[in-house]
Amino acid sequence: MPSPPQNRRRSRFRERIRRAAKSLIEGWDFYLFAVGYGIVLGLLGVAALAFPVLESEAIVGFGDLAEALPPGDHHWFGTNRDGVDLLAPVFAAAGRSVWLVLVATVLGSVFGLALATVICFLWRERGYRWLERLSGAVGSLPAMFLLFVFAAGYGAGTRATMGTLGALAGLFVAGRAGNWYRDLENQGDVLAARALGFSRGRILVEQLLPRLWPRVAACAATLLPAALLAEAGLGFSGAGATVAPAEGRLGAFLGAGHDALFDLPWLLWWPGVVLAVLTIVLASLAWAVRRTLDQPIDERIF
Amino acid sequence: MSSLLLRRCLSLLFRLLLGWLLVAVVVELAMTGPRSRGEVVGGQSLRLLRELVAGEVPESLAAAGAGSWRSMLGEATVASLEALAIAVVVTLAFGPVFGVLAARWRRHAWVEILLAPFFAAAWLPGFWLAGLAVWLQFHFWNQPGFSDPAPASGGPVAWEPLWRLVLVAVPVALGAIGWQMRSVAGTLKRAAREPHVRAAQVRGLGGGVLFYRHVFRNSLEPLIRSLDRILPAMLGMQLLVEWALRFPGLGRLVIESARAPEFAGLLASGLILATVVVAVRWAGETASRLVTERNA
């Protein structure tokens, strides 16, 4: 006699499929955001890798001014003096800029969290105070100014820009993470864990870090659009070009467009439009990350 | 009161010293870069300071100005502060007002829709807008658009100097208004979710009275503090906008110095920027402390 259906053992594979479907249905907005932003960032990454870097002098071109065509049906972004269509180079530059900013902000935030964690582990209250002071002192100078100063010494190349942006993001996140550690350490369950005799390492790994990383991720995402603007501003100004120019990035296009403003104004129009759209896209990504992780970051600081 | 003011003055002095020290450290660090290889590392700031006090502006910064450092820095600082003052006035005229309205009518979706363009404008690159303004002036008015060299006669509008200041201030303020609005609205919305506000609502206190007499008044301190938080970001954007417009201010000096590179110009501009930010933040903190003491 066959066993009744309610006692039949369910297939593991089916169970997994059922759970995945349930998770997709419940978190559809999150997956939609992830797929949408993934496609945008992925395409920009492909564009950055697929097209060669256009050197700063080659953006305007060396040919006759009559060769340059304004935006039209055949060339949506127009051409430069050599007749090179600017659509692909602009998107490739946008991809390089966006990925540089993404990598710098993520690495910088991880560094900031690690710094705050080490300080939390070693010095606690005194360490938090120092972190807060350091972060506040660095925050009292415009980040753009700091970028210009370091660009004057180390250039505006990819590594130097990534290092400076990452360090600024790291210091900012470290200051915030110090405050968060202090708040979390005074919460009831952490105090209870300490009273029960848990080691500091165990409290850090089991109680503090799992609650801290979503805040750090939300903070890093919120820094992204401002970092993109700063990176583009650095290339636009041409600071540090004598050491290492910001070649092949969006700022370089904007700078070249600004220099040739009265001859080829479309060199300024379209890279600027792409930059504005990407900044708004990154701001909406930050909003989506904050919403998904349920981390309302204090608006007063951003 | 007097002891509070004395403590605040000491705090200002300490912060100014810390800010200047930080600028010197940053410049020293930057001078260890490949461009300066071979120079003695450390103690260069003192040499640069001596140069700034007694020396002349080098030829590599001819585009930013000429003559003695002191006169050039004075003129550039005054020009930048004038533009910044206009930007701050415009920001304060719109940002907090719209922020309060957004928080007051927070339950209505149309308010969010109406204010969405301002939020989006906070992310527009101001230096790009400044470049577009230059091009538009050239295209429609046949004027050079840049602040330097000055147009031979009249210019597009009657008050040429004021027009140039407004051109710098508007892209800077456009971004800051969105930030200010978001910050003020966020602070008030959080305050409106406090339990005592809900209790008052349950007891039948009207929306307007509750909001303006209790929520707004209780949030006065964080609101005052939020005014100075965007200043570094505004100054950063102003540096770029000034350079895009070739405006003879600190922005042009900073960027020409970074392009040259000329570290004396960077050190001087950094010291001035740090002084402005620290002083404004100190004033905001002092005002907020005074409000707290008065309410206590």
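Residues numbered from 1 in each chain as written. Chains lettered and ligands numbered in written order. Predicted model: local features only at pLDDT ≥ 70, side-chain atom pairs only at ≥ 80, totals over all residues.

## Quick notes on the overall build of chain B
Looking only at helices and strands, one finds twelve helices and zero strands in chain B. In chain B, the succession of helices and strands from N to C terminus is α-α-α-α-α-α-α-α-α-α-α-α. With the principal axes as the frame, chain B shows a C-alpha extent of 75 × 55 × 35 Å. Relative to its 296 residues, chain B shows a buried fraction of 43%. Taking contacts inside chain B between residues at least 6 apart in sequence as the whole, the part at least 24 apart equals 73%. (Helix = DSSP H or I, 4+ residues; strand = E, 2+ residues; numbered from the N terminus. Buried ≥ 20, exposed ≤ 12 C-beta atoms within 10 Å, placed from the backbone. Contact = placed C-beta atoms within 7 Å.)

## Side note on the overall build of chain A
From N to C terminus, chain A includes eleven helices and zero strands. Shown N-terminal to C-terminal, the secondary structure of chain A runs as helices and strands in the order α-α-α-α-α-α-α-α-α-α-α. Counting only C-alpha atoms and orienting by the principal axes, one finds that chain A spans roughly 85 × 70 × 30 Å. Split into buried and exposed, the 302 residues of chain A put 44% on the buried side.

## Digging into the interface of chain B and chain A
Each side of the interface is counted separately: chain B has 50 residues, and chain A has 43 residues. For the side of chain B that touches chain A, the elements supplying multiple residues, two or more each, are α1 (2-30), α5 (126-141), α6 (160-192), α9 (220-229), α10 (231-244), α11 (250-259) and α12 (263-295) of chain B. The biggest single contributor to the side of chain B that touches chain A is α12(B), with eight residues. The class makeup of the residues in the side of chain B that touches chain A is 33 nonpolar, twelve polar and five charged. (Nonpolar A, V, L, I, M, F, W, Y, C, P; charged D, E, K, R; others polar.)

## Remarks on the environment of A:Thr105
Residue and element names in this part refer to chain A. Along the polypeptide, Thr 105 turns up in helix α4 (residues 87-122). On a C-alpha basis, the gap between Thr 105 and Ala 220 in space is 6.2 Å, while along the polypeptide they are 115 residues apart. If we skip the residues at most four places from it in the chain, Thr 105 touches Leu 165, Ala 169, Ala 220, Leu 223, Leu 224 and Ala 227.

## Thoughts on helix α2 (residues 44-54) of chain B
Residues and elements named next belong to chain B. Listed in full, the buried residues belonging to α2 are Gln 44, Ser 45 and Leu 48. All buried residues of α2 project into a common sector of 95° when viewed along the axis, lining one side. Structural note: α2 exposes Leu 46, Arg 50, Val 53 and Ala 54 on the side pointing more than 90 degrees away from its buried face. (Arc of directions from axis to C-beta.)

## Observations concerning the environment of A:Gly233
Residue and element names in this part refer to chain A. Mapping Gly 233 onto the fold places it in helix α9 (residues 200-237). When the 30 C-beta atoms within 10 Å are taken as the criterion, Gly 233 is described as buried. For the pair Gly 233 and Ala 88, spaced 145 residues apart in the sequence, the C-alpha separation amounts to 21 Å.

## Considering the nonpolar core
Counting residues in each nonpolar core, the largest one holds 168 residues, and the members touching the most others are A:Phe148, A:Val149, A:Ala151, A:Leu224 and A:Ala227. For A:Ala151, the residues in contact, after removing those within four places along its chain, are A:Ala156, A:Ala160, A:Leu234, A:Ala239, A:Gly240 and B:Ala258. (Core = buried A, V, L, I, M, F, W, Y, C linked by C-beta atoms within 7 Å.)

## Description of unusual backbone geometry
Most peptide bonds adopt trans geometry, and most residues besides glycine take a negative phi value. All names here are of chain B. The residue after Ala 260, namely Pro 261, is reached through a cis peptide bond having omega -20°. For Pro 261, the position within the fold is in the loop between α11 and α12. Unusually for a residue other than glycine, Arg 246 sits at a positive phi of about 55°. With respect to the secondary-structure elements, Arg 246 resides in the loop between α10 and α11. A count of 20 C-beta atoms within 10 Å places Arg 246 in the buried class.

## Thoughts on helix α7 (residues 195-202) of chain B
When you tally the buried positions in α7(B), you get zero out of eight residues, a small fraction of the element. Phi for B:Gly204, located one or two positions after α7(B), is positive at around 100°.

## Considering the packing of helix α6 (residues 143-154) of chain A against α9(A)
Residues and elements named next belong to chain A. Packing of α6 against α9 leaves a shortest axis separation of 10 Å and a crossing angle of 45°. Between α6 and α9, the crossing angle belongs to the class labelled oblique. Here α6 and α9 pass one another in a crossing that is right-handed. Of α9, the residues touching α6 (which contributes Ala 143, Met 144, Leu 147 and Ala 151) are Ala 230, Gly 233 and Leu 234. (Axes fitted to C-alpha atoms, helices over the stretch in contact; angles between N-to-C directions. Parallel < 35°, antiparallel > 145°, perpendicular 65-115°, else oblique. Left-handed = near helix turned anticlockwise from the far one by under 90°.)

## Some points on the confidence of the model for chain B
For chain B, per-residue confidence averages 85 on the pLDDT scale, and 92% of positions sit at 70 or higher. The complex model carries a pTM of 0.90, and its ipTM stands at 0.90. (pLDDT = per-residue confidence, 0-100.)

## Things to note about the environment of A:Arg215
All names here are of chain A. For Arg 215, the location among the structural elements is in helix α9. Sequence separation of Arg 215 and Trp 180 is 35 residues, and the distance between their C-alpha atoms is 8.6 Å. Setting aside residues no more than four positions away along its own chain, Arg 215 makes contact with Trp 180 and Gln 295.

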